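Topology and contacts: notes
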Amino acid sequence: MRYITFVIPQVDDERCSNGDCDNPAVNSEAIQYINLLDDGTGVGLYQLRGDAEQGVEVLEANQDVLACEVSGASDGLVYVHFRANTLMTDLLSLLRQYEIVVDWPMEYTDQSGLRITMLGEDKKIREAITGLPDDIQITLEGIGEYHPDMRQVASLLTERQQEMLELAINEGYYEMPRRATLSDLAENVNISAGTVGEHLRKVETKVLMEIV
């Protein structure tokens with residue numbers, strides 16, 4: 001089974017009130033689950049960071065939100081029933097069409113993007129990505145053979161360490177022979193080669209300690 005991880009930048013969705021997605025009250029961490037209903041609306045479980053009650057007030061101010069409720073069993077978990085926008089309708093319909101599975105949760109980035117990992121047959125994944133509407137732009141973060149413990153290992157790394165690892169992989173630092181040096185990587189992020197090397201050594205140590 002293969003996976004692909006990508007980010008849709010700047011997602012405007014039901015978390016936004018009157019187009020404002022920068023309200024700290026709805027600083028979202030993830031979508032734990034989301035689904036389309038037969039009537040064209042959607043339901044989802046959102047993980048919010050901060051004041052959940054204030055976040056609900058902001059959500060309720062959005063005319064596309066039909067109902068929302070804070071879960072009493074988990075901090076920051078909010079149930080939302082909403083009118084599905086074009087982005088979510090197109091994305092979820094595509095997943096059904098190509099028999100793609102989402103590796104939940106979908107994660108919001110600090111830049112209001114949405115990081116998604118999809119699982120399925122290689123051919124189906126490629127067809128699904130090709131089938132994305134032109135107005136859905138994505139940034140590819142990773143593709144390859146899926147291992148269930150991938151998220152567990154990734155959770156051990158800081159955001160900066162994950163960025164350095166992704167850069168090293170994308171630039172061919174770990175290929176044989178190497179297509180990039182530490183100096184090449186350093187030029188991409190405007191830090192010293194020594195600092196890049198230190199980040200990668202910490203990454204390698206954490207990963208090896210986890211799998212050995």
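In this report, we go over the structure that sits alongside the text. (Residues numbered from 1 in each chain as written. Predicted model: local features only at pLDDT ≥ 70, side-chain atom pairs only at ≥ 80, totals over all residues. Heavy atoms only, no water.)

Secondary structure assignment for the chain yields seven helices and nine strands. Here the chain, with 212 residues, has 41% of them falling under the buried criterion. For the chain, long-range pairs separated by at least 24 residues make up 64% of all intrachain contacts whose partners lie at least 6 apart in sequence. With the model as given, the accessible surface of the chain reaches about 12,000 Å², and the carbon-plus-sulfur share is 49%. (Helix = DSSP H or I, 4+ residues; strand = E, 2+ residues; numbered from the N terminus. Buried < 20%, exposed > 50% of the residue type's maximum accessible area, 1.4 Å probe, protein only. Contact = heavy atoms within 4.5 Å. Areas by Shrake-Rupley, 256 points an atom, 1.4 Å probe, with all protein chains shown as cover.)

Relative to the helices and strands, L94 resides in helix α2 (residues 86-97). Under the relative-accessibility criterion, L94 is labelled buried at 10%. For L94 and P133, which are 39 residues apart along the polypeptide, the C-alpha to C-alpha distance reads 9.7 Å. Among residues more than four places away in sequence, those in contact with L94 are A128, G131 and L132.

Mapping V65 onto the fold places it in strand β4 (residues 65-70). Owing to a relative accessible area of 9%, V65 belongs among the buried residues under this scheme. Linking V65 and A84, residues 19 residues apart in sequence, is a C-alpha distance of 9.1 Å.

Before going further, it helps to spend a moment on a negative patch on the surface. A cluster of acidic side chains, namely D51, E53, E57 and E60, defines a negative patch on the protein surface. The topology assignment puts E57 in helix α1 (residues 52-60). (Patch = residues over 30% accessible without salt bridge, like charges linked within 9 Å, V, L, I, M, F, W, Y side chains within 5 Å. Salt bridge = Lys/Arg side-chain N within 4 Å of Asp/Glu carboxyl O. Lys, Arg positive; Asp, Glu negative; His and termini not counted. Charge placed at Lys NZ, Arg CZ, Asp CG, Glu CD.)

You can see T41 is positioned in strand β3 (residues 41-49). One polar contact links T41 to D39, side chain to side chain, over a distance of 2.6 Å. Side chain to side chain, T41 and H81 meet in a polar contact 2.9 Å long. In this structure, T41 is in contact with N35, L36, L66, H81, F82, R83 and A84, ignoring residues within four places of it in sequence. (Polar contact = N/O pair within 3.5 Å; in protein donor to acceptor, adjacent residues only side chain to side chain.)

This next bit is on the packing of aromatic side chains. All told, the structure shown has two aromatic pairs when counted by the stated rule. Ring plane angle 55 degrees and centroid distance 5.1 Å describe the contact between Y33 and W104, whose orientation is recorded as tilted. A residue pair is termed long-range when its members are at least 10 positions apart, and Y33 in strand β2 (residues 27-36) and W104 in the loop between β6 (101-102) and β7 (106-108) qualify at 71 residues. Ring geometry for Y173 against Y174: centres 5.0 Å apart, planes inclined by 80 degrees, an arrangement best described as edge-to-face. Classification of Y173 by relative accessible area gives buried; the value is 9%. By relative accessible area, Y174 is classed as partly exposed at 34%. When the ring centre of Y173 is taken as origin, the NZ or CZ atom of R178, which lies over that ring, is 4.0 Å away. (Phe/Tyr/Trp six-rings, centres within 6.5 Å; stacked < 30°, edge-to-face > 60°. Lys NZ or Arg CZ within 6 Å of the ring centre and 35° of its normal.)

Following W104, the chain continues to P105 via a peptide bond in cis, the omega torsion being 0 degrees. Inspection of the secondary structure puts P105 in the loop between β6 and β7. Although it is not a glycine, E99 sits at a positive phi angle of roughly 55 degrees. Tracing the chain through its elements places E99 in the loop between α2 and β6. Unusually for a residue other than glycine, N190 sits at a positive phi of about 60 degrees. By the element assignment, N190 lies in the loop between α6 (182-189) and α7 (193-211).

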